[in-house]
Amino acid sequence: MSGRELRRNLAILPIGTVRELTLLTDRQIRYYEQHGLISPKRGDGGQRRFSLNDVDQLLNIKDHLDAGDSTKDIKEIFEKQARKARQSKNTDQALRRSLQDEFAKIGRFDVR
DNA sequence: ATTCTAACA
DNA sequence: TGTTAGTA
């Protein structure tokens, strides 16, 4: 995982900050969690800790809700997106590997 | 002061 | 979803 991705997934934001960032009520944020739309980590005394990706996710949820989608629909959409993201990531790695192989065969390029 | 869970008008 | 009670 890249450093950039690591920072994006750092779960350190308390719900109060997320509330201001997303303009959602804490009630709504907790409700979306119950329905599996987000999965913030828990820290000190069971308090939720959100990452920047969680904030991003919540903003997307708000848009989908405005668009008239149910929480159930949104969950499916996210799962579908996650599947595709994992796929393209894999084909990306596969492409890099095969290119490395080709260069290695040709010889003049050090793979390392 | 903040956040958490559970529950109700 | 809003709101409130009783906690940690």
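Bear in mind the structure is a predicted one, so any value in this text is a computation, not a measurement.

Cut-off values and rules
Residues numbered from 1 in each chain as written. Chains lettered and ligands numbered in written order. Predicted model: local features only at pLDDT ≥ 70, side-chain atom pairs only at ≥ 80, totals over all residues. Heavy atoms only, no water. Axes fitted to C-alpha atoms, helices over the stretch in contact; angles between N-to-C directions. Helix = DSSP H or I, 4+ residues; strand = E, 2+ residues; numbered from the N terminus. Parallel < 35°, antiparallel > 145°, perpendicular 65-115°, else oblique. Contact = heavy atoms within 4.5 Å. UniProt positions renumbered as here; feature names shortened; annotations may be inferred. Salt bridge = Lys/Arg side-chain N within 4 Å of Asp/Glu carboxyl O. Buried < 20%, exposed > 50% of the residue type's maximum accessible area, 1.4 Å probe, protein only. Expected span 1.5 Å × (residues − 1).

Engineer: How should the packing of helix α2 (residues 15-22) against helix α3 (residues 26-34) be read in this particular structure?
Structural biologist: Helices that pack against each other are described as a pair by the angle of their axes relative to one another and the distance between those axes. It is the contact of α2 with α3, at a shortest axis distance of 9 Å, that shows an interaxial angle of 100°. Classed by the angle they form, the pair α2 and α3 counts as roughly perpendicular. In this structure, α2 uses I15, V18, R19 and T22 to contact α3, whose residues at the interface are D26, I29 and R30.

Engineer: Just to check I follow, could you spell out the UniProt feature "domain: HTH merR-type" (unreviewed entry) in chain A for this structure?
Structural biologist: Look at the UniProt record and you will see "domain: HTH merR-type" (unreviewed entry) annotated at residues 12-80. Secondary structure across residues 12-80 comprises 61% helix and 9% strand; the distance between its end C-alpha atoms is 27 Å.

Engineer: Just checking my understanding: could you explain the environment of R30 for this structure?
Structural biologist: Structurally, R30 is set in helix α3. Each C-alpha atom of the pair R30 and D92 lies 35 Å from the other, and the pair is 62 residues apart in sequence. With near-sequence residues (within four places) excluded, R30 lies in contact with I15 and R48.

Engineer: Is there a simple way to explain the pattern of salt bridges in this structure?
Structural biologist: Side-chain pairs of opposite charge can arise whenever the charged atoms involved come near each other. Summed over the entire model, instances satisfying the criterion amount to four salt bridges. Close ionic contact of R42 with E33 constitutes a salt bridge, the shortest N to O distance being 3.6 Å. We classify E33 as buried; its relative accessible area is 16%. We note a salt bridge from E33 to R48, for which the minimum N-O separation is 2.2 Å. Here the residue E33 occupies a position in helix α3, and R48 occupies one in strand β2 (residues 47-49), the gap between them amounting to 15 residues.

Engineer: Please explain unusual backbone geometry as it appears in this structure.
Structural biologist: Of note, the phi angle at L23 is positive, near 60°, even though the residue is not glycine. Mapped onto the fold, L23 is located in the loop between α2 and α3.

Engineer: How do you make sense of helix α4 (residues 52-66) when you look at a structure like this?
Structural biologist: Given 3.6 residues per helical turn, the α-helix brings residues three or four places apart onto the same face. The end-to-end C-alpha separation of α4 is 21 Å, in line with the 21 Å expected for 15 residues at 1.5 Å each. D54, V55, L58, I61 and H64 are the residues of α4 that are buried. Residues of α4 that are buried in the fold lie against α2, α3, β2 and α5 (71-106). Of the residues flanking the end of α4, it is G68, one or two places downstream, whose phi is positive at about 90°.

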